[in-house]
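Residues per chain are reported as follows:
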Amino acid sequence: MKANDAFRRRERAIAVADGACALKARLPQAALAGLRALVRSLPGKDRALLAELTRLQSAAVERAEKVIGR
């Protein structure tokens, strides 16, 4: 049991360090910029479809949160 606990602590420490490194290297911002550039390169019809899908997903999440009491 103790080895398992030590493993979990080590995994958490690695995950936190990985996240801190990604933030320091500005990886989330770079990924977002890349995604935005990709979306801008799509035809207008595809962008409109993505916008509608995003709206539908947001509405579904909102309904789900009400069901689970968030």
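Everything numeric here is computed off the predicted structure, so don't read it as measured data.

### Quick notes on the overall build of the protein
When helices and strands are counted, the protein shows three helices and zero strands. Tracing the protein from N to C terminus, the helices and strands come up as α-α-α. With the C-alpha coordinates of the protein rotated into their principal frame, the extents come out at 55 × 35 × 15 Å. Buried positions account for 1% of the 70 residues belonging to the protein. Element-wise, carbon and sulfur atoms account for 63% of the exposed surface of the protein, whose accessible area totals about 6400 Å². Positive and negative side-chain charges of the protein, numbering 15 and 7 respectively, have mean locations separated by a distance of 4 Å.

### A look at the confidence of the model for the protein
Interpretation of this model should avoid reading the predicted coordinates in detail wherever pLDDT is low. Looking at the protein as a whole, the pLDDT averages 94, with 99% of positions reaching at least 70. Per-element confidence in the protein ranges from a low mean pLDDT of 92 for helix 1 (residues 2-24) to a high of 96 for helix 3 (residues 44-68).

### Considering unusual backbone geometry
Phi at arginine 26 is positive, roughly 60°, even though this residue is not glycine. Its place among the elements puts arginine 26 in the loop between helix 1 and helix 2 (27-41).

### Considerations on the pattern of salt bridges
Inspection of the entire model under this criterion finds three salt bridges. Arginine 8 is the salt-bridge partner of aspartate 5, the closest N and O atoms lying 3.9 Å from each other. Taken as a pair, aspartate 5 and arginine 8 lie in helix 1 at a separation of three residues, close to a single helical turn. For aspartate 5, a relative accessible area of 31% corresponds to the partly exposed category. Taking the shortest distance from any N to any O, the salt bridge between glutamate 62 and lysine 66 comes out at 3.8 Å. Remark: lysine 66 and glutamate 62 occur in helix 3; sequence separation between them is four residues, near one turn of the helix. You can call glutamate 62 partly exposed: its relative accessible area is 47%.

The rules behind each value
Residues numbered from 1 in each chain as written. Predicted model: local features only at pLDDT ≥ 70, side-chain atom pairs only at ≥ 80, totals over all residues. Heavy atoms only, no water. Helix = DSSP H or I, 4+ residues; strand = E, 2+ residues; numbered from the N terminus. Buried < 20%, exposed > 50% of the residue type's maximum accessible area, 1.4 Å probe, protein only. Areas by Shrake-Rupley, 256 points an atom, 1.4 Å probe, with all protein chains shown as cover. Lys, Arg positive; Asp, Glu negative; His and termini not counted. Charge placed at Lys NZ, Arg CZ, Asp CG, Glu CD. pLDDT = per-residue confidence, 0-100. Salt bridge = Lys/Arg side-chain N within 4 Å of Asp/Glu carboxyl O.

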